Amino acid sequence: MRQPYYKKIYSDILTKKFPGKINECQSILSKEELSVLDIIQLNERIFGCHEISADNQRLRSYDNQSISKILEYQKKYDLNNTQLSIHFKLSRNTIARWKSKFKIDE
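Residues numbered from 1 in each chain as written. Predicted model: local features only at pLDDT ≥ 70, side-chain atom pairs only at ≥ 80, totals over all residues. Heavy atoms only, no water.

Regarding the overall build of the protein chain
Rule in force here: By the criteria applied, helices consist of DSSP H or I runs no shorter than four residues and strands consist of E runs no shorter than two, each listed in order from the N terminus. Burial classes: relative accessible area under 20% of the type maximum marks a residue as buried, over 50% as exposed, and values in between as partly exposed (1.4 Å probe, protein chains only). For this analysis, residues touch if any pair of their heavy atoms sits within 4.5 Å.
Scanning the protein chain from terminus to terminus reveals seven helices and zero strands. Counting only residues that meet the buried cut, the protein chain has 29% of its 106 residues in that class. At a minimum sequence separation of 6, the contacts of the protein chain that also span at least 24 residues come to 50%.

Pasting the structure below:
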């Protein structure tokens, strides 16, 4: 299953609705491939943090690379599951499940 072409989608959104935010998002859009974390960051920069709701959160999916980056972030900044869940707006249970699946030690 192929991933949507997010670069084009977000470029069009910026060009048509938010031309003032193009420079702010250019660093992310210039990447070769956009990860799930890049997409989340673009959403926050364009629409603001108020766009993430419980209903919207349920539909997110993360690839293994993004999960690894999130768990590395936790280790790097010495965060517990609650702090990490607040930072990335995830469920604590999801993080615990990822840690057991990927065998990450605290």
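Back to the write-up after that little detour.
Focus: the pattern of salt bridges
Note the threshold: Any carboxyl oxygen of Asp or Glu that lies within 4 Å of a side-chain nitrogen of Lys or Arg is treated as forming a salt bridge with it.
Scanning all chains against the criterion turns up three salt bridges. In this structure, Asp12 and Lys8 form a salt bridge, with 3.3 Å as the shortest nitrogen-oxygen distance. Placement of both Asp12 and Lys8 in helix α1 (residues 6–17) is noted, with a separation of four residues, approximately one turn of the helix. Residue Lys8 is classed as partly exposed on the basis of its relative accessible area of 46%. Residue Glu44 pairs with Lys89 through a salt bridge whose shortest N-O separation is 3.7 Å. Residue Glu44 is located in helix α3 (residues 36–47), and its partner Lys89 is located in the loop between α6 (81–88) and α7 (92–102); the two are separated by 45 residues in the primary sequence. Residue Glu44 is classed as partly exposed on the basis of its relative accessible area of 26%.

Brief notes about the side chain of Ser35
If you trace the backbone, Ser35 turns up in the loop between α2 (22–29) and α3. Taking relative accessible area as the criterion, Ser35 reaches 9% and is therefore assigned buried. When near neighbours in sequence (up to four residues on either side) are disregarded, Ser35 contacts Ser66 and Lys69.

Side note on the nonpolar core
Test applied: The criterion is simple. A nonpolar core is a set of buried Ala, Val, Leu, Ile, Met, Phe, Trp, Tyr and Cys residues joined through side-chain atoms within 4.5 Å.
By size, the foremost hydrophobic cluster in this structure holds 12 residues: Val36, Leu37, Ile40, Tyr62, Ile67, Ile70, Leu71, Leu84, Phe88, Leu90, Ile95 and Trp98. Only α3, α5 (64–76), α6 and α7 provide two or more residues apiece to this core. Ile28, Leu29, Ile39 and Leu42 belong to the second-largest nonpolar core, a separate cluster that totals nine residues.

What about α7?
Our working rule: Arc definition: it is the arc formed by the directions from the helix axis to the C-beta atoms. Within 3.5 Å is the distance limit for a polar contact, defined as a pair of N or O atoms, with the added protein rule that one can donate a hydrogen and the other accept it, and that residues adjacent in sequence qualify only through two side-chain atoms.
What α7 keeps buried is the set Thr94, Ile95, Trp98 and Lys99. All buried residues of α7 lie within an arc of 135° about the axis, which places them on one face of the element. Of the exposed residues in α7, the ones pointing more than 90 degrees away from its buried face are Arg92, Asn93, Arg97 and Lys101. Each element contacted by the buried residues of α7 is listed here: α5 and α6. With a side-chain oxygen positioned 3.1 Å from the backbone nitrogen of Asn93, the residue opening α7 is Ser91. Backbone geometry just downstream of α7 places Lys103 in the positive-phi region, at approximately 50°.

What about the layout of surface pockets?
Cut-off, in case you're wondering: We place a 1 Å grid over just the protein atoms. Points where a 1.4 Å probe fits but has no way out form a cavity, open points with protein on both sides within 12 Å along at least 5 of 7 lines form a pocket, and any residue with an atom within 4 Å of a point lines it. Grid points are joined across faces, edges and corners, and a volume is the space filled by probe spheres set on the points. Gly counts as polar in this scheme, as do all residues outside two lists: the nonpolar Ala, Val, Leu, Ile, Met, Phe, Trp, Tyr, Cys and Pro, and the charged Asp, Glu, Lys and Arg.
By volume, the second largest pocket is sized at about 200 Å³. What lines the second largest pocket is simply Lys31, Ser35, Leu37, Asp38, Ile40, Gln41, Glu44, Lys69, His87, Phe88 and Lys89. For the lining of the second largest pocket, the secondary-structure elements that each account for two or more residues are α3 and α6. Here the element with the most residues in the lining of the second largest pocket is α3; it accounts for five residues. Split by residue class, the lining of the second largest pocket holds three nonpolar, three polar and five charged.

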